[in-house]
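Listed here are the chains, written in short residue letters.
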Amino acid sequence: MTGRPQDGSARDATPVELGKPILAARRVLAICHVNPDGDAIGALLGMGHVLHALPGEREVVLVCQDPAPETLRFVPGVERIMHSLPTNFLPELVISLDASDPARLGTIFADLDLSKALLVVIDHHITNLRFGDLNYVAPQVASTSQLVVRLADALGVMLPREAATPLLVGLVTDTLGFRTSNVTTAELQCAERLMDAGADLADISQRTLATRPLKFMRLWGTAFGSAKLDGAVLWAEVTREMRLVAGIDDDDDGGLVSQLIHAAEARIAAVFNELSDGRIEVDFRARPPYDVAAVALSLGGGGHPQASGCTLPGPMSDVQMRVLPLLQRASKGNR
């Protein structure tokens, strides 16, 4: 399955309009994007709690192709996320969370038979392709976790503490602690509600934004040492060998690009991360008003104006030759 619908039947939907099909479904699959971040994990777990709180019995499966990164394994319920489908599980409803296009959902989604299932897309990325039968896409909102809160309200679900913590994780991580340019009073009011429901803002902020294992700091030290500044574009690379030397046994770079963009000289930052399968994951960050979403979209990726990315076939040198000129043009477009 390469994404759907392709017959023009897709339409935008409000949280209220999503209520009827969600309440009617008895077998529900909720899925978030590969290499999940805090908002993907938070929205997925939050959605699970919302579904379980609804009247009637239903089988709910939460799935993500990749495990949560080490920094998010403290989130309550993360161990319940599956990395493959249960045998003979045939969902009536599939809910895609925090993914701008079907490719971001990985092979689990690609192999699904959706001929008898309704596909609902819930997302906040401006590059979303609206690939569902029903699409609740709100780019003006800072996190998909907020959209889950709105959906819970539409369904009449009171958010329990178990849902509040992962949802606040999503909001805090996607706003970098409420420091991104898309933060409004709506984000602060949502955070207040989740705190009132029992989520600990100080603990979540410390764990997700201010704490990293030493192995990532070692990796960053190596990457910082070889980082290159070209005009307003600062970029670094992470190879499999660099991760191995640092003691990292997966593809995680610990969020290096979010550190690079703090350099005073940088208006756009990029990290080229060599994955274990030889592909190159490229993460972009930009300071307002610079926009990297268009660059990511042109390369088959997506995201936000100031935070986006893509994954391309290697080798590293070819990817850099392809991507860096696009970033240079982006860095000149807002001067």
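Our subject is the structure that appears above.
Residues numbered from 1 in each chain as written. Predicted model: local features only at pLDDT ≥ 70, side-chain atom pairs only at ≥ 80, totals over all residues. Heavy atoms only, no water.

Enquirer: Can you lay out the overall build of the chain for me, pointing to particular residues and giving the numbers?
Expert: The helix and strand inventory of the chain stands at twelve helices and twelve strands. Computed over its C-alpha atoms, the radius of gyration of the chain comes to 19 Å, within 12% of the 20 Å expected for a compact globule of 335 residues. Projected onto the principal axes, the alpha-carbon positions of the chain cover approximately 55 × 45 × 40 Å. Across the 335 residues of the chain, 53% fall into the buried class. (Helix = DSSP H or I, 4+ residues; strand = E, 2+ residues; numbered from the N terminus. Rg over C-alpha atoms; globule rule 2.2 N^0.38 Å. Buried < 20%, exposed > 50% of the residue type's maximum accessible area, 1.4 Å probe, protein only.)

Enquirer: Describe the packing of aromatic side chains, with residues and values.
Expert: Going through the model one piece at a time under the given rule, you end up with two aromatic pairs. A ring pair is formed by F109 and F131, whose centres lie 6.3 Å apart and whose planes are at 75 degrees; its orientation type is edge-to-face. With F109 in helix α3 (residues 106-110) and F131 in the loop between β5 (118-123) and β6 (134-137), this residue pair connects regions lying 22 residues apart in the sequence. Residue F109 shares its accessibility class with F131, and that shared class is buried. Between W235 and F272 the ring centres are 5.8 Å apart and the planes differ by 85 degrees, which places this aromatic pair in the edge-to-face class. Here W235, found in strand β8 (residues 233-238), pairs with F272, found in strand β9 (residues 268-274); they are 37 residues apart in sequence, far enough to count as distant. The residues W235 and F272 share a single accessibility class, namely buried. (Phe/Tyr/Trp six-rings, centres within 6.5 Å; stacked < 30°, edge-to-face > 60°.)

Enquirer: Kindly report on the nonpolar core, identifying the contributing residues and their values.
Expert: Within the largest apolar cluster, 53 residues are counted, with the highest numbers of intra-cluster contacts made by L18, M47, I95, L97 and I122. Looking at this core element by element, the count peaks at eight residues for helix α2 (residues 38-53). Sequence-distant contacts of L97, that is, excluding residues within four places in its chain, are made with A30, I31, C32, H33, A43, L44, M47, I122, T144 and V148. Ranked by size, the runner-up nonpolar core spans 23 residues in total, among them W235, V323, L327 and A330. (Core = buried A, V, L, I, M, F, W, Y, C linked by side-chain atoms within 4.5 Å. Contact = heavy atoms within 4.5 Å.)

Enquirer: How would you summarise the sheet that holds β5 if you had to cite specific residues and measurements?
Expert: With parallel pairing, six strands are arranged side by side in an open sheet as β1-β6-β5-β4-β2-β3. In this open sheet, the two strands that pair with only one neighbour each are β1 (11-12) and β3 (59-63). Relative to strand β4 (residues 93-97), strand β2 (residues 27-32) is paired through five bridges, and the arrangement is parallel. By the bridge assignment, V28 is partnered in β4 with L93. On the sheet, helix α1 (residues 15-24) packs against β1, β4, β5 and β6 and is oriented at approximately 140 degrees with respect to β6. (Pairing = 2+ DSSP bridges. Axes fitted to C-alpha atoms, helices over the stretch in contact; angles between N-to-C directions.)

Enquirer: How would you sum up the environment of T127? Please name residues and give values.
Expert: Structurally, T127 can be placed in the loop between β5 and β6. Spatially, the C-alpha atoms of T127 and I204 are 28 Å apart, while their sequence positions differ by 77 residues. One polar contact links the side chain of T127 to the main-chain amide nitrogen of G303, over a distance of 2.8 Å. (Polar contact = N/O pair within 3.5 Å; in protein donor to acceptor, adjacent residues only side chain to side chain.)

Enquirer: Now, about the pattern of salt bridges: what can you tell me, with residues and values included?
Expert: Any two side chains of opposite charge can pair if their charged atoms end up close together. All chains considered together, the criterion is met by nine salt bridges. Salt-bridge contacts for D251 lead to R243; the nearest nitrogen and oxygen are separated by 3.1 Å. Judged by relative accessible area, which is 23%, D251 ranks as partly exposed. (Salt bridge = Lys/Arg side-chain N within 4 Å of Asp/Glu carboxyl O.)

Enquirer: Let's hear about the pairing of β6: which residues, and what values?
Expert: Side-chain alternation along β6 places L134 and Y136 on one buried face and N135 and V137 on a second face that is also buried. Both β1 and β6 contribute to a ladder of two bridges, which runs parallel. Residue pairing in the sheet places R11 in a bridge with L134 of β6. Across four bridges, β5 lies against β6 in parallel orientation. Note that in β6 the partner of D123 across the bridge is V137.

Enquirer: Which residues make up the pairing of β3, and what values go with them?
Expert: Note on strand geometry: in a regular strand, side chains alternate between the two faces of the sheet. Buried residues dominate β3, accounting for four of its five residues. Two elements, β2 and β3, share five bridges in a ladder whose sense is parallel. Looking at β3, one finds that L29 is bridged to V61.

Enquirer: For the state of the cysteines, give the residues involved together with the corresponding values.
Expert: Summed over all chains, the structure comprises zero disulfides. Looking at the unpaired C32, the closest cysteine sulfur is the one in C64, lying at 3.6 Å. C310 carries a free sulfur, and the closest cysteine sulfur to it, the one in C64, is 19 Å from it. Take C310: its relative accessible area is 5%, and that puts it in the buried class. (Disulfide = S-S within 2.5 Å.)

Enquirer: Tell me what's going on with the packing of α2 against helix α4 (residues 144-155), and back it up with residues and numbers.
Expert: Between α2 and α4, whose axes approach to 8 Å, the crossing angle comes to 15 degrees. In terms of orientation, α2 and α4 fall into the roughly parallel class. Between α2 and α4 lies a crossing of right-handed hand. In this structure, α2 contributes D39, G42, A43, G46, M47 and V50 to the contact, and α4 contributes T144, S145, V148, L151, A152 and L155. Classifying every residue of the contact of α2 with α4 gives seven nonpolar, four polar and one charged. (Parallel < 35°, antiparallel > 145°, perpendicular 65-115°, else oblique. Left-handed = near helix turned anticlockwise from the far one by under 90°. Nonpolar A, V, L, I, M, F, W, Y, C, P; charged D, E, K, R; others polar.)

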